[in-house]
Structure formats: structure tokens, C-alpha cells
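Analysis of the macromolecular model
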Amino acid sequence: QVQVVESGGGLVQAGGSLRLSCATSGRTFSNYAMGWFRQAPGKEREAVAAISWRGGITYYADSVKGRFTISRDNAKTTVYLQMNSLKPEDTAVYYCAAGGGRYYQIPVVAANFASWGQGTQVTVSS
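A brief look at the structure comes next. Note that the structure is predicted; figures quoted are calculated from it, not measured.

Turning next to the overall build of the chain. Within the chain, the regular secondary structure consists of 0 helices and 11 strands. Helices and strands appear in the chain in the N-to-C order β-β-β-β-β-β-β-β-β-β-β. Taken against the 2.2 N^0.38 rule, which gives 14 Å for 126 residues, the C-alpha radius of gyration of the chain at 13 Å falls within 12% of a compact globule. A principal-axis box enclosing the C-alpha atoms of the chain has dimensions of 40 × 25 × 25 Å. Expressed as a percentage of its 126 residues, the buried residues of the chain come to 44%. Nonlocal contacts in the chain, meaning residues at least 24 apart in sequence, comprise 60% of its contacts between residues at least 6 apart. Working note: accessible area of the chain is about 6,200 Å², and carbon and sulfur atoms make up 48% of it.

This is the structure:
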């Protein structure tokens, strides 16, 4: 079982940047793909980005391509989400989660991830 704790959320103006962090503990972090998801009020949880166990393969939702960057530091057992050029529609609670193996499955969906944290709120004002 892996435990995750997200941080770094906050209130930012449109066009601004935030960097989310997901600190993990428990099972061997470096053996698992990781993903970032978000959920806005009244909407389903959606995948934002995912990264393979060594960081060599990444996935981005079309809505964030070119603006968000996922990365990981296996020595620190932490995964990051750098968010640039934020838009009001990026407002949501952001969650990270661990995949079931070294590579994430396609399609990237919440059902294939586990060990969810409590999330961190990101609010982008217009």
C-alpha cells in the first residue's frame, strides 16, 4: 500500500503558474507509474497526466498539452505537476495516485489507479 499526500494548490490568476507535489511513502515508489487527476464540482474525475516508472513515458490530456508538465524524482519518492498558463477551466481538486505497475494503462482512467490522496484545491480566477 502506498500513501500519497498532495500539496502546492492555491488561488492564482489566469495565465499564472503553480507546481503541485505528491509525496509518497509505503511501497517502492520507483516501481510504479503515477498519475495526476482532477475533479471539478459536478464533474467526473478526469486524467490530467501520467508518467511511467522511470519517467521516460508520459501522457497528457489534450486540454493541458503544452501547458502542464509531469515529472518525478524517484530518490525523493515524489511526483510533480508543473502547471503554466493556467485557465479558469483548470479549477478543480487535483489528486495524484499510483498505477498498478511500471507503465500506466491506456486509456488513462481513474479506475486503473489506486492509493488516492486527499487532493489539493487549485482555483484559477479570470
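Picking up after the structure, the text goes on.
To continue, consider the pattern of salt bridges. Taken as a whole, this structure holds 4 salt bridges when the rule is applied. As a salt-bridge pair, Arg38 and Asp90 come within 2.9 Å of each other at their nearest N and O atoms. Linking Arg38 in strand S4 (residues 34-39) with Asp90 in the loop between strand S8 (78-83) and strand S9 (92-99), this pair joins segments that are 52 residues apart in sequence. Note that Asp90 and Arg67 form a salt bridge whose closest N and O atoms lie 2.7 Å from each other. With Asp90 in the loop between S8 and S9 and Arg67 in the loop between strand S6 (58-60) and strand S7 (68-73), this residue pair connects regions lying 23 residues apart in the sequence. The two residues Asp90 and Arg67 agree in class, both being buried.

So, about the nonpolar core. Across soluble globular proteins, you tend to see nonpolar side chains buried next to one another. Counting 28 residues, the largest nonpolar core has Trp36, Leu81, Met83 and Tyr94 as its most contacted members. Listed by contribution, the elements that provide at least two residues to this core are strand S1 (2-7), strand S3 (18-26), S4, strand S5 (46-51), S7, S8, S9 and strand S11 (120-125). It is S9 that provides the largest number of residues to this core, a total of 4 residues. Counting 8 residues, the second-largest nonpolar core is a separate cluster that includes Ala33, Ala50, Val108 and Phe113.

Here the focus is the side chain of Arg67. Residue classification places Arg67 among the buried positions, given a relative accessible area of 11%. Dropping the residues within four chain positions of it, Arg67 is found in contact with Gln82, Met83, Asn84, Ser85, Leu86, Lys87 and Asp90.

Moving on: unusual backbone geometry. Note that the residue after Ile106, namely Pro107, is joined by a cis bond; omega there is 0 degrees. The topology assignment puts Pro107 in the loop between S9 and strand S10 (113-114). Within the chain, Ser85 stands out as a residue other than glycine whose phi angle is a positive 50 degrees. Note on placement: Ser85 falls in the loop between S8 and S9. A positive phi angle, near 60 degrees, is found at Ser115, a position not held by glycine. Within the secondary structure layout, Ser115 lies in the loop between S10 and S11. A relative accessible area of 12% places Ser115 in the buried class.

Cut-offs used in this document
- Residues numbered from 1 in each chain as written.
- Predicted model: local features only at pLDDT ≥ 70, side-chain atom pairs only at ≥ 80, totals over all residues.
- Heavy atoms only, no water.
- Helix = DSSP H or I, 4+ residues; strand = E, 2+ residues; numbered from the N terminus.
- Rg over C-alpha atoms; globule rule 2.2 N^0.38 Å.
- Buried < 20%, exposed > 50% of the residue type's maximum accessible area, 1.4 Å probe, protein only.
- Contact = heavy atoms within 4.5 Å.
- Areas by Shrake-Rupley, 256 points an atom, 1.4 Å probe, with all protein chains shown as cover.
- Salt bridge = Lys/Arg side-chain N within 4 Å of Asp/Glu carboxyl O.
- Core = buried A, V, L, I, M, F, W, Y, C linked by side-chain atoms within 4.5 Å.

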